[in-house]
Amino acid sequence: MKYAVVLTALSAIGMSACNDGNADEGNQQAIDTLIQKTKDALVRVEGGSFQMGDFGPIDPNLTGNNKGLPYSAEQDNKPLHKVTLDTFYMSPTKVTYADYDIYTQATDKDKINNTSEFEMQFRQDNVPAGVDWHQANEYCSWLAEQTSLPFTLPTEAQWEYAARSGGEFIPYGTSTGTLEKGRSIPTSIDVDKATQTGARSNIAPYPVALYPPNKLGIYQMGDNGYEWVSDWYKADYYQHSVKVNPAGPNMGQEKVVRGSPHGDGMGGKLTMERYHAPPDLTDRAKMIFTFRCAVNTDISG
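The rules behind the values
- Residues numbered from 1 in each chain as written.
- Predicted model: local features only at pLDDT ≥ 70, side-chain atom pairs only at ≥ 80, totals over all residues.
- Heavy atoms only, no water.
- Axes fitted to C-alpha atoms, helices over the stretch in contact; angles between N-to-C directions.
- Helix = DSSP H or I, 4+ residues; strand = E, 2+ residues; numbered from the N terminus.
- Parallel < 35°, antiparallel > 145°, perpendicular 65-115°, else oblique.
- Contact = heavy atoms within 4.5 Å.
- Nonpolar A, V, L, I, M, F, W, Y, C, P; charged D, E, K, R; others polar.
- Core = buried A, V, L, I, M, F, W, Y, C linked by side-chain atoms within 4.5 Å.
- Buried < 20%, exposed > 50% of the residue type's maximum accessible area, 1.4 Å probe, protein only.
- Salt bridge = Lys/Arg side-chain N within 4 Å of Asp/Glu carboxyl O.
- Polar contact = N/O pair within 3.5 Å; in protein donor to acceptor, adjacent residues only side chain to side chain.
- Disulfide = S-S within 2.5 Å.

**Q** Kindly report on the packing of helix α2 (residues 97-106) against helix α4 (residues 133-147), identifying the contributing residues and their values.
**A** Interhelical geometry of α2 versus α4 gives an angle of 75° and a closest axis separation of 11 Å. On the basis of the axis angle, α2 is roughly perpendicular to α4. Facing α2, whose interface residues are D99, Y100, Y103 and A106, α4 presents Q135, E138, Y139 and W142. Looking at the contact of α2 with α4, its residues break down into five nonpolar, one polar and two charged.

**Q** Describe in detail the nonpolar core, supporting the description with residues and values.
**A** The biggest cluster of nonpolar side chains holds 37 residues, and the ones touching the most others in it are Y100, V131, Y139, F151, W228, F289 and F291. Elements that contribute at least two residues to this core include exactly α1 (2-41), α2, α3 (117-122), α4 and β6 (225-232). The next biggest cluster of nonpolar side chains, apart from the first, holds 20 residues, and it includes V83, A162, M221 and Y237.

**Q** Kindly report on the pattern of salt bridges, identifying the contributing residues and their values.
**A** All chains considered together, the criterion is met by 14 salt bridges. Taking the shortest distance from any N to any O, the salt bridge between K286 and D283 comes out at 3.5 Å. For K286, a relative accessible area of 7% gives the class buried. The network of salt bridges with shared partners includes E156, E160, R164, R258 and R274.

**Q** Account for the environment of D298, naming residues and giving values.
**A** Here D298 is to be found in the segment after β10 (294-295). It is 5.7 Å that separates the C-alpha atoms of D298 and F88, two residues lying 210 residues apart in sequence. Beyond its immediate chain neighbours, meaning those up to four positions away, D298 contacts R44, T87 and Y89. Engagement of the side chain of D298 in a polar contact is seen with the side chain of R44, the distance being 2.7 Å. Of the polar contacts made by the side chain of D298, one reaches the side chain of Y89; its length is 3.4 Å.

**Q** Provide a residue-level description of the state of the cysteines, including the pertinent values.
**A** Each disulfide consists of a covalent bond between the sulfur atoms of two cysteine residues. Across all of its chains, the model carries one disulfide by this definition. Paired by a disulfide, C140 and C293 hold their sulfur atoms 2.1 Å apart. Residues C140 and C293 are joined by a disulfide whose S-S torsion is about -90°; by sign, that bridge is left-handed. Within this pair, whereas C140 is found in helix α4, its partner C293 is found in the loop between β9 (289-290) and β10, the two being separated by 153 residues in sequence. For the pair shown, C140 and C293 are each scored as buried.

If you want it as structure tokens, here you go:
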């Protein structure tokens, strides 16, 4: 009888080990698929020079009473200044919950945003993951470890250059360069269909490729969530910015974010508008903060 108990226990241990192995194998397959998908999807952004900041005063597309006026009243996106960037690569979409869940499982971290009814309303596989700056930065660093490529959060200059389809005078980072509900940004009906947030649908995330990308092939550069970049924020940084591959101040209290919260209620933000937030955020606050990763080298060769 004792032998039977021992054999049963050993059998259970063997079965458990077998199941764990299958789980590990399945997780590795998910990691490999994510890594390959991420690398295959990267958009090459040809380096060059552009006028960074509020380009309203020199925008050749403005006419009549608007010609020569700034796009925004804020002063932190002024003065307009020339910036030159090396070629880089950028993920076409923001990192989704499905992607981030693979990462947390691979690194033995807890799943994010799944402990309350409020959080679960915003959480679905194909919408941007809501994270603080540290979580965003760690994900990109993990991609770098997995691929031996210099994945990082994009710099603020890279983000604006890509949002403006290579530094063109484009006010909104959409497929049309404008905000057109039902064509370049979602309507409230679109968001309601894509989410389970009901009355909160005006700030709810929606699928990362719901509408066509900008001319470079990059989606949602200005809508569907504030977007973290690597730079520390300083209101007067543009007055002192370096001219080649600027990476922001050496230190600070807050990080730069670009874009706007989710949903029809906010529309989208101008490609040159700057915002800022502390890198550590409470769980509820970070639900509307998103990110994507970039590769800071030309990997075409």
